[in-house]
Amino acid sequence: MKPLIVANWKCNPQTLEEAKLIFDAVKDIKDGEVIICPPFIYLSALRANGAQDAFWEDGGAYTGAIAPTMLKNLGVTHVIVGHSERRKYFKEKNEVIEKKIDALLACGLKPILCIDKLSQLPKNLDQEAIIAYEPLFAIGTGKACGLDKAEAMRVAIQRATGDKNKILYGGSVNARNAKDYICQAGFQGLLVGGASLNPEEFIDIVKNVCYC
Ligand code: PGA
């Protein structure tokens, strides 16, 4: 099985021109299965396959919200939910995240659920869920999680959710450490933040994890 590598651009870059430069440099990566999640505003111009969030209703009077069906209709296949930055800055709780997961599954989109502890695993995950273990101390800090701790969490998540799920690691992944999470700690993919904005580094990450 090819590793799943998810690029989370977060609130970057600041112009569509820059977004196109990054996207064009990485969109034809052949190795691995790559999902690129730019900000909503660039999705239709880039025709990217991933989004960073979605609302739980399919339309209506919800100012500022983006419905799962809108994403589906643009060709998006995967949507990140429950990222720690959504939990922290937008006060999202498990309850809301579970509603989002239901809405995404109902319209045929694959949620990529981010957690940093087992208590964040919702009840409504389907059998082929994608769960990213993202320890808070490792996100955007340059201090990636130790392999033993990461592997122990992967095993615990797998035990709690079943063998069919894909478990990704996220948190300060770079071209040097990427491979170890797949080949040593046994993850099925990676969620890459900062390093995904640097096309050369991102391409190296994908290449390194596919040939270990
Ligand atoms: P990072 O972010 O790779 O910049 O640490 C990962 C994430 O938040 O998804």
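Structural data are supplied above this passage.
Residues numbered from 1 in each chain as written. Predicted model: local features only at pLDDT ≥ 70, side-chain atom pairs only at ≥ 80, totals over all residues. Heavy atoms only, no water.

Let us now look at unusual backbone geometry. Residue Pro13 is bonded to the preceding Asn12 through a cis peptide linkage, with omega at -10°. Residue position: Pro13 is located in the loop between strand S1 (4–8) and helix H1 (16–26). Positive phi, close to 55°, is recorded for Arg47, a residue that is not glycine. Take Arg47: it is sitting in the loop between helix H2 (40–46) and strand S3 (50–51). For Arg47, a relative accessible area of 58% puts it in the exposed group. Positive phi, normally seen in glycine, also occurs at Lys91, with a value near 55°. Relative to the assigned elements, Lys91 resides in the loop between helix H4 (84–89) and helix H5 (94–106). Classification of Lys91 by relative accessible area gives exposed; the value is 59%. (Helix = DSSP H or I, 4+ residues; strand = E, 2+ residues; numbered from the N terminus. Buried < 20%, exposed > 50% of the residue type's maximum accessible area, 1.4 Å probe, protein only.)

This brings us to the packing of aromatic side chains. Scanning the model with the defined rule gives 6 aromatic pairs in all. Between Tyr181 and Phe187, the aromatic rings sit 6.4 Å apart at their centres with planes inclined by 70°, giving edge-to-face as the arrangement. Aromatic rings pair up to connect Tyr133, Tyr169, Tyr181 and Phe187 into one cluster. Against the face of Phe90 rests Arg86, its NZ or CZ located 3.9 Å from the ring centre. (Phe/Tyr/Trp six-rings, centres within 6.5 Å; stacked < 30°, edge-to-face > 60°. Lys NZ or Arg CZ within 6 Å of the ring centre and 35° of its normal.)

Here 8 strands make up an open sheet; going across it, the order is S2-S1-S8-S7-S6-S5-S4-S3 and the pairing parallel. The open sheet has two free edges, formed respectively by strand S2 (33–37) and S3, since each of these has just one partner strand. Direction of pairing for S1 relative to strand S8 (residues 189–192): parallel, over a ladder of 4 bridges. Bridge pairing links Ile5 to Leu190 in S8. Across the sheet, helix H6 (residues 147–161) lies against strand S5 (110–115), strand S6 (130–133) and strand S7 (166–170), angled at about 150° from S6, the strand it touches most. (Pairing = 2+ DSSP bridges. Contact = heavy atoms within 4.5 Å. Axes fitted to C-alpha atoms, helices over the stretch in contact; angles between N-to-C directions.)

Quick look at the environment of Leu74 now. When you line up the elements, Leu74 lands in the loop between helix H3 (68–73) and strand S4 (78–81). With relative accessibility at 28%, the residue Leu74 sits in the partly exposed group. It is 28 Å that separates the C-alpha atoms of Leu74 and Leu121, two residues lying 47 residues apart in sequence. Leave out the neighbours within four places in its chain, and Leu74 touches Leu43, Ser44 and Arg47.

For the rest of this paragraph, the subject is the side chain of Asn174. Among the structural elements, Asn174 can be located in the loop between S7 and helix H7 (178–183). In terms of polar contacts, Asn174 uses its side chain to reach the backbone amide nitrogen of Arg176, at 2.9 Å. Excluding anything up to four places from it in sequence, Asn174 contacts Glu201 and Ile205. (Polar contact = N/O pair within 3.5 Å; in protein donor to acceptor, adjacent residues only side chain to side chain.)

Here we come to the site of the ligand. Around the ligand sit 13 residues, and of these Lys10, His83, Gly140, Ser172 and Gly194 come closest. A distance of 2.7 Å is found between an oxygen atom of the ligand and a side-chain nitrogen or oxygen belonging to Lys10. At a separation of 2.9 Å, an oxygen atom of the ligand approaches a polar side-chain atom of Glu134. Bound to the protein, the ligand loses 95% of the 280 Å² it would expose on its own. The residue inventory of the shell around the ligand, partitioned by class, reads 4 nonpolar, 7 polar and 2 charged. (Near = heavy atom within 4 Å. Areas by Shrake-Rupley, 256 points an atom, 1.4 Å probe, with all protein chains shown as cover. Nonpolar A, V, L, I, M, F, W, Y, C, P; charged D, E, K, R; others polar.)

Here H5 contains 13 residues, and its C-alpha end-to-end distance of 18 Å stays within 8% of the 18 Å for a straight helix at 1.5 Å per residue. Within the sequence span of H5, burial applies to Ile97, Glu98, Lys100, Ile101, Ala103 and Leu104. The positive-phi residue at the C-terminal boundary of H5 is Gly108, with phi of around 80°. (Expected span 1.5 Å × (residues − 1).)

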